[in-house]
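# Fold and contact review
What follows is each chain in one-letter form.
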Amino acid sequence: MNCENTEKLHKSILGPGALILALAAAGLCCIQAGTCQVPFSMVVKTILSHLVHWPDPATIPALNHTIIWDIRLPRTLLAMAAGVCLSVSGVVFQGCFRNPLVEPYVLGASSGAAFGAALGIVFPIFFLSVQIMAFIFSALAVAMAYTLARTGPDTPVVTLVLSGIITGSVFAALVGLLKYLAQDTALREIVFWLMGGFYYAGWQEVRILFAVAALGLGIIRISGWKLNVLSMGEEEAKSLGINPGTTQFILISLATLMTAAAVSATGIIAWVGLMIPHAARLMTGPDHRRVVPVSAVLGAIYLIVCDTLARTLTTAEIPIGIITSLVGAPYLFYLVRTRGGQIVGR
Amino acid sequence: MLTVNDLTFSYGRQRVLKNISFQIRKGELCALFGPNGTGKTTLFKCCLKFLVPDSGTVRINGKDIRRLPPRQMARLVAYVPQAHHCAFPFTVSQMVLMGRTPHLNRFFTPGAKDRKVADQAMQTLGISHLSDTAYNRLSGGQQQMVLIARAIAQQTGLIFLDEPAAALDFKNQITLWQTLQAIAEQGTAILACTHDPNHVSWFCHSTVVLDRSGLLAKGPPGQVMTQEMMDRIYGDACRVWNINGLKIMVPGTMDTGTTNIVAFPGNRKGIHHK
């Protein structure tokens, strides 16, 4: 009985309404923070004036329009969407591979994206844009890993992870080559891109990444039960009536789409996809129907907080990949030391 | 219930199963028996469509399994793997509820009826008190019970078990087989593969005996598990004794009466030697 009560309590705390409220509150706080002080009420007013034209946009100072609506809001929204994409695809990869230690980059998505971006930076004349190149090569790397791992009708998990590591290291080597060839400015740009950041956030990026995040989150949330069954292993999933090959293919494709979209918009942000699913699992238990929405919100909050730290801690901006690692590593270490059993289920 | 007809399977060039045919009826508790490496697991996997046989057919309820999609298949046959570690700390009730998967609607949301079926399955196996415990924290024997409860919640007419007694202690082995007998009595056909000739002759209604040359025999253990059969399978390593009408397989060269039991000083706590 006691357990049932706690479960109900958890359900109410972590219900969809509460989750969205928490995310909105965190978002507003992050928008308010920054070098240029804007009062909290002004933040709300500015956003409302754009959304519902009340209060009248003309009464808001132009500087606030620029700071809140053109710079901080899209940047925060982009960080949110990236957080959702990375953490939810982390959940998918961990569930599909039955391994709590894999992350969205396990199939080479990040190395592929890095290579694409580096190509775009070093040879700007030949290629469209850094983002599109990063997206294409990110997806390409995962597709290569998947094709290499395919033997007959099945795609064994171990082979898949191995071929992910192989494609990843090939692309990493190619990035190294490009770095070696690059001029000083291009090299600097590559290095910054690899550390991730939301410097160039605009409404265009927000729209694309939000659409991808919403699509992926929706389908993956519906597939929560299938992920539970899939995490039992391929043969058991089959004997329980789930076609493991098809389900895995759909879920991994979606997760790859989300990862590639996030990476191409923001650069490589480590740790989120590995850490957030664990944190969510500690809050909700292992049922993926709850883990997916909770890690989406946690991931979003984590990235906007880290991004706010990245742009407010010092006068210059710190790349967010550094912050996520520095904040995330001790937290995960703490979790593993104190409650490790609950994560990996020992 | 289950009809296997002329099944042949090879891994590459190595032929593992050759022209296997047998049937299992409703309510029959059948042991798939044979020494290591004779293709018990392979036969299992062919029947469950984990592997595709070179030739021959498997029919469940008269339906050729080649034409059954996984979901339809999972409504006809349940599979109990050996107790294993689980990647995530699901509770016992969550595990058992997964047995309802083939009966759920398109959005996979288990309803009150599904929970009831799962609860009943846990009651049948006597594991209701464990329902909120993490599956991974259980002993091997309890885990095996959970996996069987999941198969029962799946409500199929046929259950396959892979070495169900392998990880259990002596008492739990007996409990397990008695549970399987009780399930079979309610009309479910059960095929369990096992290494232990004693279990076959003590608990099962029938047995399918495999060795490297193929199917050796199918029939009630009383007729099948004879000294000749044991000699054929194990050479002269095994003798069949008969104690009060119960067949017992014992080692062929047993050295009785010379064993010394030595009590170790560090062992005082739990073990008392008479």
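Bear in mind that the values here come from a model prediction, so they are computed numbers and not experimental data. (Residues numbered from 1 in each chain as written. Chains lettered and ligands numbered in written order. Predicted model: local features only at pLDDT ≥ 70, side-chain atom pairs only at ≥ 80, totals over all residues. Heavy atoms only, no water.)

### Some details on the sheet that holds strand β8 (residues 189-194) of chain B
Residue and element names in this part refer to chain B. To keep things clear, this is the line we draw: For two strands to pair, DSSP has to find at least two bridges joining them. Only DSSP runs of H or I covering at least 4 residues are called helices, and only runs of E covering at least 2 are called strands; the numbering of each starts at the N terminus. For helices, the fitted line uses only the C-alpha atoms of the stretch in contact; every axis is such a line through C-alpha atoms, and the angle between N-to-C directions lies from 0 to 180 degrees. Any two residues having at least one pair of non-hydrogen atoms within 4.5 Å are treated as being in contact.
Strands sit in the order β6-β7-β8-β3-β9-β10 across an open sheet of six strands; the sheet is mixed. Two strands close off the open sheet at either side, each with one partner strand: β6 (77-80) and β10 (214-219). Ignoring strand direction, the axes of neighbouring strands in this sheet form an average angle of 15°. Bridge analysis of strand β3 (residues 29-33) against strand β9 (residues 206-211) gives four bridges, and the strand direction is parallel. Bridging from a neighbouring strand, L32 pairs with V208 of β9. Against the sheet, helix α6 (residues 170-185) touches β3, β7 (158-162) and β8, its axis set at about 155° to β8.

### Points about the packing of aromatic side chains
Aromatic ring pairs are described here by two measures, namely the spacing of the ring centres and the angle between the planes. Rule in force here: The aromatic pairing rule takes the rings of Phe, Tyr and Trp, using the six-membered ring of Trp, and pairs them if the centres are within 6.5 Å, calling planes under 30 degrees apart stacked, those over 60 edge-to-face and the rest tilted. Only protein chains enter the accessibility calculation, which uses a 1.4 Å probe. A residue is then buried if its area is under 20% of the maximum for its type, exposed if over 50%, and partly exposed in between.
One pass over the full model with this rule turns up 12 aromatic pairs over all chains. Considering the side-chain rings of F115 of chain A and F137 of chain A, the 5.1 Å spacing of their centres and the 80° angle between planes classify their relative orientation as edge-to-face. Taken as a pair, F115 of chain A in helix α5 (residues 109-122) and F137 of chain A in helix α6 (residues 130-149) lie far apart in primary sequence, 22 residues in all. F137 of chain A carries the same exposure label as F115 of chain A, and that label is buried. Ring geometry for W177 of chain B and F203 of chain B: centres 5.9 Å apart, planes at 0°, overall stacked. Residue W177 of chain B is found in helix α6, and its partner F203 of chain B is found in helix α7 (residues 197-203); the two are separated by 26 residues along the sequence. No difference in accessibility class separates W177 of chain B from F203 of chain B, as the two residues are buried. Here the aromatic residues F115, F137 and F171 of chain A are joined through ring pairs into a cluster of three or more.

### A short note on the interface of chain A and chain B
Our working rule: In the sections that follow, a salt bridge refers to a side-chain nitrogen of Lys or Arg positioned within 4 Å of a carboxyl oxygen of Asp or Glu. Gly falls in the polar group here, along with every residue not listed as nonpolar (Ala, Val, Leu, Ile, Met, Phe, Trp, Tyr, Cys, Pro) or charged (Asp, Glu, Lys, Arg).
Across the boundary between the two partners, chain A contributes 31 residues, which contact 34 residues of chain B. E235 of chain A serves as the salt-bridge partner of K45 of chain B, at 3.3 Å between the closest nitrogen and oxygen. Among the elements of the structure, α4 (62-96), α10 (224-230), α11 (234-239), α14 (288-312) and α15 (320-344) of chain A are those that each provide at least two residues to the side of chain A that touches chain B. Tallied by class, the residues present in the side of chain A that touches chain B amount to 11 nonpolar, 11 polar and nine charged.

### Things to note about the pairing of β7 of chain B
All names here are of chain B. Put simply, the test is: By definition, the crossover connecting two strands over a helix is right-handed if that path, from the first strand to the second, turns clockwise as seen with the strands pointing away from the viewer.
Counting buried positions along β7 gives five out of five residues, so the element sits mostly inside the fold. Along β7, one buried face is formed by L158, F160 and D162 and the opposite face, lined by I159 and L161, is buried too. Handedness of the β7-α6-β8 crossover: right-handed.

### What to know about the nonpolar core
Cut-off, in case you're wondering: To form a nonpolar core, buried Ala, Val, Leu, Ile, Met, Phe, Trp, Tyr and Cys residues must be joined to one another through side-chain atoms within 4.5 Å.
F97 and W193 of chain A are the most contacted members of the largest nonpolar core, which totals 162 residues. Looking at this core, the element that brings in the most residues is α4 of chain A, giving 18 residues. Excluding its chain neighbours within four sequence positions, the residues that come into contact with W193 of chain A are A113, A114, A117, I121, V130, A134, V263, S264, G267 and I268 of chain A. In terms of nonpolar packing, the next biggest core, distinct from the first, is built from 33 residues, L7, F22, L48 and F160 of chain B among them.

### Regarding the packing of helix α9 (residues 203-222) of chain A against helix α12 (residues 244-266) of chain A
Residue and element names in this part refer to chain A. Condition: Note on terminology: angles under 35 degrees are roughly parallel, angles over 145 are roughly antiparallel, angles of 65 to 115 are roughly perpendicular, and the others are oblique. Should the near helix be turned anticlockwise from the far one by less than a right angle, the crossing is left-handed, and should it be turned clockwise, the crossing is right-handed.
Running from N to C, α9 and α12 cross one another at 155°; their axes reach a closest spacing of 10 Å. Classed by the angle they form, the pair α9 and α12 counts as roughly antiparallel. Relative to α12, the crossing made by α9 is left-handed. Side by side, α9 and α12 meet where L209, V212, A213, L215, G216, L217, I219 and I220 of the first sit next to L251, L254, L257, M258, A261, A262 and A265 of the second. Considering only residue class, the contact of α9 with α12 consists of 14 nonpolar, one polar and no charged.

### Focus on the side chain of T101 of chain B
Turning to its location among the elements, T101 of chain B is positioned in the loop between α3 (92-97) and α4 (112-124). Residue contacts for T101 of chain B: discarding those within four places in its chain leaves W225, V229, L240 and I242 of chain A together with R71 and F108 of chain B.

### Points about the pattern of salt bridges
Residues and elements named next belong to chain A. Evaluation of the coordinates by the stated rule reveals 10 salt bridges over all chains. R75 is paired through a salt bridge with D307; the nearest N and O atoms lie 2.8 Å apart. With R75 in helix α4 and D307 in helix α14, this residue pair connects regions lying 232 residues apart in the sequence. For the pair formed by R75 and D307, the shared burial category is buried. E234 serves as the salt-bridge partner of R98, at 3.6 Å between the closest nitrogen and oxygen. Residue R98 is located in the loop between α4 and α5, and its partner E234 is located in helix α11; the two are separated by 136 residues in the primary sequence. Overlapping salt bridges bring together R75, D307 and E317 as one network.

### A few points about the confidence of the model for chain A
For residues with low pLDDT, the predicted coordinates do not support detailed interpretation. Short version of the rule: For every residue, the predictor states its confidence as a pLDDT score lying anywhere from 0 to 100.
Mean pLDDT over chain A works out to 86, with 92% of the residues at or above the 70 mark. Of the regions scoring below 50 in pLDDT, residues 1-5 of chain A engages in one contact with residues more than four places distant in sequence or in other chains.

### Structural notes on unusual backbone geometry
Of all residues except glycine, most have a negative phi; of all peptide bonds, most are trans. Following W54 of chain A, the chain continues into P55 of chain A via a peptide bond in cis, with omega recorded as 0°. By the element assignment, P55 of chain A lies in the loop between α3 (40-52) and α4. For N61 of chain B, which is not a glycine, the phi torsion comes out positive at approximately 55°. Turning to its location among the elements, N61 of chain B is positioned in the loop between β4 (55-60) and β5 (63-64). Assessed through its relative accessible area of 44%, N61 of chain B is described here as partly exposed.

### A closer look at α9 of chain A
All names here are of chain A. Rules: Helix span, expected: 1.5 Å multiplied by one less than the number of residues in the helix. The reported arc concerns the directions from the helix axis to the C-beta atoms and nothing else.
In this model, α9 (20 residues) spans 28 Å end to end at C-alpha, consistent with the 28 Å of a helix rising 1.5 Å per residue. Turning to α9, its buried residues number three or more, namely V206, L209, V212, A213, G216 and I220. In an axial view of α9, the angular spread of the buried residues amounts to 145°, which keeps them on one side of the axis. Buried-residue contacts for α9 involve α4, α10, α12 and α14.

### Details of the packing of helix α13 (residues 272-284) of chain A against α14 of chain A
Residues and elements named next belong to chain A. Put simply, α13 and α14 touch, their axes get as near as 8 Å, and they point 125° apart. Taken together, the axis directions place α13 and α14 in an arrangement best described as oblique. When the axes of α13 and α14 are compared, the crossing they make is right-handed. On the side of α13, the interface is formed by V272, M275, I276, P277, A279, A280, R281, M283 and T284, while α14 contributes R290, V291, V294, S295, L298, G299, Y302 and L303. Across the contact of α13 with α14, the residue classes break down as 12 nonpolar, three polar and two charged.

### Some details on a nonpolar patch on the surface
Operational definition: The patch calculation keeps residues exceeding 30% relative accessible area without a salt bridge and links them within 9 Å when they carry like charges or within 5 Å when they are nonpolar (Val, Leu, Ile, Met, Phe, Trp, Tyr). Computed with the Shrake-Rupley method and a 1.4 Å probe, the accessible areas treat only the protein chains shown as cover for residues.
Where nonpolar side chains cluster on the molecular surface, the patch consists of I166, V170, L174, L177, Y180 and L181 of chain A and spans about 610 Å² of accessible area. By the secondary structure assignment, I166 of chain A is in helix α7 (residues 157-181).

### Examining the environment of G34 of chain A
Residues and elements named next belong to chain A. Residue position: G34 is located in the loop between α2 (16-32) and α3. Here the alpha-carbon distance between G34 and R72, two residues 38 residues apart in the chain, equals 8.9 Å. Residue contacts for G34: discarding those within four places in its chain leaves R72, R311 and T312.

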